[in-house]
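Architecture at a glance
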Amino acid sequence: MLPQEVIRRKRDGAELSEKEIGFMVAGLADGSLSEGQIAAFAMAVFFRGMTMQERVYMTRSMVDSGDTLTWDDLDLDGPVLDKHSTGGVGDKVSLIVAPIVAACGGYVPMISGRGLGHTGGTLDKLDSIPGYETSPDSDQFRRVVRKAGCAIIGQTAELAPADRRFYAVRDVTATVESIPLITASILSKKLAAGLGGLVMDVKTGTGAFATDYSMARELAQSIVSVANRAGMPTVAMITDMNQVLGHTVGNALEVGEAIDFLTGKQQDSRLLDLTTQLSAEMLVLGKIAESPQGGVEKARDALQSGAAAERFSRMVAALGGPADIVNDSDGVFDDAPVVRPVFPSRTGKVTGVDARLVGLAVVELGGGRKRIDDAIDTRVGFSRFCAIGEETSPDEPLAFVHAATEAQAEAASTVITKAIKIGAGVEPGPIVYERLYDDAD
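As a starting point, this report considers the structure included with it.

Quick look at the overall build of the protein chain
Check the secondary structure of the protein chain and you find 16 helices and 12 strands. Computed over the C-alpha atoms, the radius of gyration of the protein chain is 21 Å, within 12% of the 22 Å expected from 2.2 N^0.38 for a compact globule of 441 residues. Overall size of the protein chain, expressed as C-alpha extent along the three principal axes, is 65 × 50 × 40 Å. Sorting the 441 residues of the protein chain into buried and exposed places 58% on the buried side. As displayed, the protein chain offers around 16,800 Å² of accessible surface, 47% of which is attributable to carbon and sulfur atoms. Between the mean site of the 43 positive side-chain charges and the mean site of the 60 negative ones, the protein chain shows a separation of 3 Å.

Pasting the structure below:
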């Protein structure tokens, strides 16, 4: 079988067989496919799509390209659960939800990714914590999950290795937004992690890959359908990404906000609403809560008691980070050399935010990648970012830019003033639009 023939068939709109898809995935894993062939295959799928059955084949083949974790031998006293987001701007939700669910009695082996396009990656955020190991081997990963109740890491060499290579190429070939490829990428890692349940956070809006609602719903339904066909109970929530989530954008800045959130020092109301609702759905899947409302109450209790913060601290220490980061984070994160306010030109209320432009501004500052091998400056980004509905004036900053140089700060400031719309006022929409369950429910 020739890779170019499989690529041609998909380019021409054919439905690929399980054997053909397995052949391409094997080539991803063993290196026999060139980057050009990978890019061509990704682009063919991007334009021609995949049937639901092709997506199942793709997902299963990626899982089979490596090892699958099992948890039965650890005698865990709770369910193994996870949450995954399709990506957003200022999305530090994973850093909050994982320890909340762990504090409630779940075990969360969260395999996350790096930034894609204009969206930040959870692993890039964790890289800002000195000593934190995002690439432990499977044995260490399992030990940390058992000890801390949660561990957020990247793909190990053993888990879904085909997706690891595919993921990197998609980021730089404008094929990120393909629903079949997103579905297979996400679910291959989650199935390989041996989960008992998954909650998907599918974002829609200016800062999401699914900018319109219909695309978000199609993606959510694809993930729920494929996951449940593969035997993993999954629920999807469609959530708002029409503005920055929380008050910070950028790797170290977002980790700092997550710590402040977990300790109760500062909690953005929309971020609180989203994290507790996502946690609640995970707790229901794991039969820790009987209803979403009951799950929300348990999640809020875990925050208020400090139990969630303690789980985060335990996770960071177990993976090589500072021993007590939640109580002593001073000096942990490097500061950007330049920090300056961004002021609007007129008085009014924030009526809209082009979150994609904000994410791209972080990439231009060095906080994201333009090429696979780009290094990331974890210090840069934005803090105290305004929210829709807030009053603003030429004396009230829209945000503070954190940059490596004055020139970069000036360029980023210009982008932010373009990204934020000011007018007579508008109320933000809901943070959660819809929940999707298995078709059989």
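Examining the packing of aromatic side chains
For any pair of aromatic rings, the description rests on two quantities: the centre-to-centre distance and the angle between the ring planes. As enumerated under the stated definition, the model contains 5 aromatic pairs in all. For the pair Trp-71 and Phe-141, a centre-to-centre distance of 6.2 Å together with 75° between the ring planes defines the contact as edge-to-face. One end of the pair, Trp-71, is in the loop between helix 4 (52-64) and strand 1 (81-85); the other, Phe-141, is in helix 7 (residues 138-148), with 70 residues separating them in the sequence. The residues Trp-71 and Phe-141 share a single accessibility class, namely buried.

Side note on helix 11 (residues 251-263)
For helix 11, built from 13 residues, the straight-helix expectation of 18 Å at 1.5 Å per residue is met to within 8% by its first-to-last C-alpha distance of 19 Å. In terms of burial, helix 11 is largely enclosed, as 11 of its 13 residues are buried. Residues of helix 11 that are buried include every one of Asn-251, Ala-252, Leu-253, Glu-254, Val-255, Gly-256, Glu-257, Ala-258, Ile-259, Phe-261 and Leu-262, and no others. A positive phi of about 85° marks Gly-264, the residue just after helix 11.

Quick look at the sheet that holds strand 9 (residues 391-392)
A sheet is described by the order of its strands in space; here 3 strands give the open sequence 9-7-11, paired in antiparallel fashion. In this open sheet, the two strands that pair with only one neighbour each are strand 9 and strand 11 (420-423). Across the face of the sheet, helix 16 (residues 406-419) comes into contact with strand 7 (348-353) and strand 11 while running at roughly 45° to strand 11.

What to know about the pattern of salt bridges
Throughout the structure, instances matching the rule amount to 18 salt bridges. A salt bridge links Asp-12 to Arg-8; the nearest nitrogen and oxygen atoms lie 3.6 Å apart. Put simply, Glu-5, Arg-8, Arg-11 and Asp-12 are held in one network by salt bridges that share partners.

Reading the values: the criteria
- Residues numbered from 1 in each chain as written.
- Predicted model: local features only at pLDDT ≥ 70, side-chain atom pairs only at ≥ 80, totals over all residues.
- Heavy atoms only, no water.
- Helix = DSSP H or I, 4+ residues; strand = E, 2+ residues; numbered from the N terminus.
- Rg over C-alpha atoms; globule rule 2.2 N^0.38 Å.
- Buried < 20%, exposed > 50% of the residue type's maximum accessible area, 1.4 Å probe, protein only.
- Areas by Shrake-Rupley, 256 points an atom, 1.4 Å probe, with all protein chains shown as cover.
- Lys, Arg positive; Asp, Glu negative; His and termini not counted.
- Charge placed at Lys NZ, Arg CZ, Asp CG, Glu CD.
- Phe/Tyr/Trp six-rings, centres within 6.5 Å; stacked < 30°, edge-to-face > 60°.
- Expected span 1.5 Å × (residues − 1).
- Pairing = 2+ DSSP bridges.
- Contact = heavy atoms within 4.5 Å.
- Axes fitted to C-alpha atoms, helices over the stretch in contact; angles between N-to-C directions.
- Salt bridge = Lys/Arg side-chain N within 4 Å of Asp/Glu carboxyl O.

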